[in-house]
Amino acid sequence: MDEIIMIILYLIFFLLIISNEVIKIINLNEIKCINLIRIVYSFCYGLLPCVIYINKSYMYNLDGNSFLFFLFSIIGYLFLNIGYLCKSSKKIKIKKGHSIFMTANVCLIIVAIMILIWTKPYGGVIKALAYANSIRMGISRINNPYSFLLRFFSLSLFCSYLYFLELLKKEKKYRYSKLILFLFSVIISIYTMLINDSRIMIGFFLMTLMLINIFEKKKEGVPLKKILCRFIVYSFFILLIVMNADYIYKIIKGVTFEVDSSSFIDTVSNEFTFIIEASKNSMNYIFNFNKLRIVDDICSVPFAVLPSSIIENPFVSVWDFNSSITGGYGQSPTDIISTSLYELSFIGPIIVPFFYGMFIKVIDNISRNKNEINYQDIIFIILVVYSAKFIIYFEYYNAIANLFFLFIGHIIFKLINSKKIKIY
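First, a word on scope: everything that follows refers to the structure included in this document. As the structure is a computational prediction, the values presented were derived from the model and not from experiment.

## Considerations on unusual backbone geometry
Alright, step 1. Here the phi dihedral of Asn29 falls at roughly 55 degrees; this positive angle occurs in a residue that is not glycine.
Alright, step 2. Tracing the backbone through its elements, the reader meets Asn29 in the loop between helix H1 (2-28) and helix H2 (33-55).

## Structural notes on the layout of surface pockets
Alright, step 1. Computed from the structure, the second largest pocket encloses a volume of approximately 1200 Å³.
Alright, step 2. Lining the second largest pocket are 36 residues, and of these Val40, Phe43, Met207, Ser235 and Leu239 lie nearest its centre.
Alright, step 3. Of all the secondary-structure elements, those providing two or more residues to the lining of the second largest pocket are H1, H2, helix H8 (199-219), helix H9 (224-243), helix H11 (264-288) and helix H16 (375-392).
Alright, step 4. Along the lines of polarity and charge, the residues of the lining of the second largest pocket split into 33 nonpolar, two polar and one charged.

## Describing empty space enclosed by the protein
Alright, step 1. The full count for this structure, using the stated rule, is one cavity of 30 Å³ or more.
Alright, step 2. Counted as a void, the largest cavity has a volume near 40 Å³.
Alright, step 3. Every residue lining the largest cavity is listed: Ile31, Lys32, Cys33, Leu36, Leu211, Phe215, Phe380, Ile381 and Val384.
Alright, step 4. Of all the secondary-structure elements, those providing two or more residues to the lining of the largest cavity are H2, H8 and H16.
Alright, step 5. It is H16 that provides the largest number of residues to the lining of the largest cavity, a total of three residues.
Alright, step 6. Its residues placed into classes, the lining of the largest cavity shows eight nonpolar, no polar and one charged.

## What about helix H15 (residues 348-364)?
Alright, step 1. Across its 17 residues, H15 extends 24 Å between first and last C-alpha, which sits within 8% of the 24 Å expected from 1.5 Å per residue.
Alright, step 2. All of the buried residues in H15 are Gly348, Pro349, Val352, Pro353, Tyr356, Gly357, Ile360, Lys361, Ile363 and Asp364.
Alright, step 3. Looking at the buried residues of H15, the elements they touch are H2, helix H3 (64-86), helix H14 (336-344), H16 and helix H17 (396-418).

## Focus on the environment of Ala104
Alright, step 1. Residue placement: Ala104 occurs in helix H4 (residues 100-118).
Alright, step 2. The class for Ala104 is buried, based on a relative accessible area of 0%.
Alright, step 3. Residues Ala104 and Leu162, 58 residues apart in the sequence, show an inter-C-alpha distance of 6.0 Å.
Alright, step 4. With residues up to four places along the chain from it excluded, the contact list for Ala104 reads Cys159, Leu162 and Tyr163.

## What about the packing of aromatic side chains?
Alright, step 1. Summed over the entire model, instances satisfying the criterion amount to 38 aromatic pairs.
Alright, step 2. With centroids separated by 5.2 Å and ring planes inclined at 75 degrees, the aromatic side chains of Tyr285 and Phe321 adopt a geometry described as edge-to-face. Here Tyr285, found in helix H11, pairs with Phe321, found in helix H13 (residues 318-326); they are 36 residues apart in sequence, far enough to count as distant.
Alright, step 3. We classify Tyr285 as buried; its relative accessible area is 4%.

## A word on the pattern of salt bridges
Alright, step 1. Summed over the entire model, instances satisfying the criterion amount to six salt bridges.
Alright, step 2. Across the salt bridge formed by Lys280 and Asp63, the nearest N and O atoms sit 4.0 Å from each other. Linking Lys280 in helix H11 with Asp63 in the loop between H2 and H3, this pair joins segments that are 217 residues apart in sequence.
Alright, step 3. With relative accessibility at 38%, the residue Asp63 sits in the partly exposed group.
Alright, step 4. Here Lys169 ties to Glu166 by a salt bridge, and the two come within 3.1 Å at their closest N and O atoms.
Alright, step 5. Assessed through its relative accessible area of 1%, Glu166 is described here as buried.

## A short note on the packing of H4 against helix H6 (residues 155-168)
Alright, step 1. Put simply, H4 and H6 touch, their axes get as near as 9 Å, and they point 155 degrees apart. Considered as vectors, H4 and H6 are oriented roughly antiparallel to each other. Remark: the crossing between H4 and H6 carries left-handed chirality. Of the residues in H6, those touching H4 at Ile100, Phe101, Thr103, Ala104, Asn105, Cys107, Leu108, Ile110 and Val111 are Leu155, Ser156, Phe158, Cys159, Leu162, Tyr163, Leu165 and Glu166.
Alright, step 2. Its residues placed into classes, the contact of H4 with H6 shows 13 nonpolar, three polar and one charged.

About the cut-offs
- Residues numbered from 1 in each chain as written.
- Predicted model: local features only at pLDDT ≥ 70, side-chain atom pairs only at ≥ 80, totals over all residues.
- Heavy atoms only, no water.
- Helix = DSSP H or I, 4+ residues; strand = E, 2+ residues; numbered from the N terminus.
- 1 Å grid on protein atoms, 1.4 Å probe; cavity = no way out; pocket = protein on both sides within 12 Å on 5 of 7 lines; lining within 4 Å.
- Points joined across faces, edges and corners; volume = space filled by probe spheres on them.
- Nonpolar A, V, L, I, M, F, W, Y, C, P; charged D, E, K, R; others polar.
- Expected span 1.5 Å × (residues − 1).
- Buried < 20%, exposed > 50% of the residue type's maximum accessible area, 1.4 Å probe, protein only.
- Contact = heavy atoms within 4.5 Å.
- Phe/Tyr/Trp six-rings, centres within 6.5 Å; stacked < 30°, edge-to-face > 60°.
- Salt bridge = Lys/Arg side-chain N within 4 Å of Asp/Glu carboxyl O.
- Axes fitted to C-alpha atoms, helices over the stretch in contact; angles between N-to-C directions.
- Parallel < 35°, antiparallel > 145°, perpendicular 65-115°, else oblique.
- Left-handed = near helix turned anticlockwise from the far one by under 90°.

Printed below as a string of structure tokens:
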């Protein structure tokens, strides 16, 4: 009986937020970062736990800690919105720039050079793919002195976004060159995903391209209801691609495999069971240990951008700590509420979501052109996609590592524009 009540509460939480946000988007005729954050939050703490507990009832039991964690997620949601409202609405201006195409070209050249250098210890670009899984799990036997350069590979994604933006402008000059370079950047982006052996990366890559296209359609005057329908359909297909990314990667690599007979619900449950595991681990931790992990987590941040071959990270981040409890190879991620509990115990779900809400307001404050999509929109969309991701996969070290490509790409953009360089 208690389990049925919990499942009903999960569904109510999910449906209330989803319906409220859809109505807000339609009434305001605008999609904000906070809208997508709330929707992702409802999936993370409403629909997904409901599906997992029903589908994997033989593995996970709903108990008192499950109900208490659900209460923490509601508190976190409230304070995320309070933080958003507390932050001022002062607009942040990002220079429009005139050298988007050149920025993409420079980034693409940098990525190509980095790939050639990084893959050298593995025997070349193609042979390096065989080590992708062991590299991801941190058990590769090859000591790569250029391992830090892997962080630059994600610049290929930034190139693709910029080239896609240029193609959407429908300017005839250099159009075929832009198309060829866009396709080449997509190929390198796929290579980056293969090397990282990341299913999630392909999802966020496609989601970003989709949102760029949707924002363009919105500025062209396409009705928002039609755009929302497209968003739902596209998102479903992107989810299918992510769920089958392992097979796609193996086909590209030429690796033989057997097709899993698991249903769609089973696949979704398996992909996101870490949310349940993290919730149970973090709840057990706050009741059995006194140490707050906030210091370790913050001190780990600089090491996300420092070469590990030069200086090792002496701190244990929350994902590494959670992984040590869960066991197995690789990292076991934590969501925003589980992380906040690890870091600050019972007050974590108040403080961490509050400041995250303020960060979301900063993203929504980015000034954008109402008539055409431009560089500011690309920055906005990238931040929206990753901030939504961080609700489910929340760790400061991981966040900085994920956004490193955006930081480098934006610096290149600023440098090029500061020199007033034009190529067309």
